[in-house]
Amino acid sequence: MDNNILISIIVPVYNTRKFLNNCIKSVINQDFNNFELILVDDGSTDGSCLICKKFAKKYKFIRLVSQSNGGVSKARNTGISLAKGKYITFLDADDSLEKDSLKELFFEAENNNSDIVIGSYNRIRFSQKVGKIIREKDCIPKKEFWKNIDKYERYISTPWAKLYKTEIIKKNGLLFEIGRTIGEDAKFNRQYLQYVNSNIIVSNKIVYNYRMGGLASTVVYHKDINILKKDVLYEYIDYNKKNNYDFYNIEKRASKQIYECFKEHIIHLSAFHAAKKIEETMNIYNAFFEEKYISKYISSEEINLLNKKLYIQFVKKFRQKRYIWYIKKKSIIIVRRFYASLLGRL
């Protein structure tokens, strides 16, 4: 590590030309010195690499590396291998940082002698801020964090809006799993937290602007739901058992993981392909769906459809339920905007 560099910002870039200028400028405009920006172009075909080259030529603290398309995990791993800073933070190419992000994260890490800081963030849709996720300011002992994983799991679902110790990552050979697109970020964070020797600091300051439905992912959606078998379920249960955490909460959480993965596949795939993937997975997890835990997330009617192997009907019911929820939410937003516009004219 370079003693003069305090933070390495790693940005995987893939076909995000529309948002890339804003992303890079949000780093350039930080009110914090002693950082490096590592841009990893992952085989972009839309001119994103030319934008990166323009900035790298102008600013000495920006480094650009280009590689053939291998996915967001491989791009982040490349950035990790190049990082020279005391700390690492990750930034997606269609997102951006608040002006004081690095200063806030660094202050919290140094002031609390912490190995990890978790920040708050804005939600962006169509270039407009549509919500905020304000974390409750906290200093959580590592043991308490894992004992209450159901409460804190949402803190580790992404790698951004966080500050990591570079030494911990490199010393323990921590990397993002290449080729995996379900839960790879949470897996990286769980592995990192095993080596943390401090309290986990949670900041209520907004440090990140997250673009909902963004384009930063550098691979297509992973269509093999059987990844659940090795990674989402067994990995989660095995890790928590080793650390002697409450088995009921482990099973409950694992059930929710399965539910979330089903939901993701049903949304992204056609009815035919979704049903086929569900059938494949049910052959592995049929007994698990009879457990009481899963009933908290899937209705008895839906479970009956699964047990009867009526997967197409299950997909349709599941989709219909989600779409109805989406339409209701969208309608409320439209009505609110209409009244706001009306009031503005009065």
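Structure: see above.
Just so it is clear, the model here is predicted, and its values are computed rather than measured.

### Overview of the packing of aromatic side chains
Applying the stated criterion across every chain yields a total of 18 aromatic pairs. Residues Y152 and Y155 carry aromatic rings whose centres are separated by 5.6 Å and whose planes lie at 50° to one another, so their mutual orientation is tilted. Take Y152 and Y155: they sit in the same class, and that class is buried. Judged by centre distance (5.0 Å) and plane angle (85°), the ring pair of Y164 and Y192 falls under edge-to-face. You can see Y164 sitting in strand β9 (residues 162–165) and its partner Y192 sitting in helix α8 (residues 184–194), a full 28 residues away along the chain. For Y164, a relative accessible area of 0% gives the class buried. Grouping aromatic residues by their ring pairs yields a cluster made of F90, Y164, F176, F188 and Y192. When the ring centre of F176 is taken as reference, the NZ or CZ atom of R76 above it lies at 5.2 Å.

### A look at the nonpolar core
Residues I7, I9, V11, I24, L37, L91 and Y208 are the most contacted members of the largest nonpolar core, which totals 34 residues. Of all elements in the fold, only β1 (7–13), α1 (17–28), β2 (35–41), α2 (48–58), α4 (101–111), β6 (116–125) and β10 (200–211) reach the threshold of two or more residues within this core. With five residues, the top contributor of residues to this core is α1. Leaving out residues up to four positions away in the same chain, I24 has contacts with L37, L39, F55 and I62.

### Structural notes on the pattern of salt bridges
Tallied over the full model, the rule gives 11 salt bridges. Note that D92 and R76 form a salt bridge whose closest N and O atoms lie 3.0 Å from each other. Within this pair, whereas D92 is found in the loop between β4 (87–90) and β5 (96–97), its partner R76 is found in helix α3 (residues 72–82), the two being separated by 16 residues in sequence. The burial state of D92 is the same as that of R76; both residues are buried.

### Some remarks on α2
Three or more residues of α2 are buried, namely S48, C49, I51, C52 and F55. Along α2, the residues classed as buried sweep out an arc of 155° about the axis, all on the same side. Facing away from the buried side of α2, by more than 90 degrees, are the exposed residues L50, K57 and K58.

So, how was this worked out
- Residues numbered from 1 in each chain as written.
- Predicted model: local features only at pLDDT ≥ 70, side-chain atom pairs only at ≥ 80, totals over all residues.
- Heavy atoms only, no water.
- Phe/Tyr/Trp six-rings, centres within 6.5 Å; stacked < 30°, edge-to-face > 60°.
- Buried < 20%, exposed > 50% of the residue type's maximum accessible area, 1.4 Å probe, protein only.
- Helix = DSSP H or I, 4+ residues; strand = E, 2+ residues; numbered from the N terminus.
- Lys NZ or Arg CZ within 6 Å of the ring centre and 35° of its normal.
- Core = buried A, V, L, I, M, F, W, Y, C linked by side-chain atoms within 4.5 Å.
- Contact = heavy atoms within 4.5 Å.
- Salt bridge = Lys/Arg side-chain N within 4 Å of Asp/Glu carboxyl O.
- Arc of directions from axis to C-beta.

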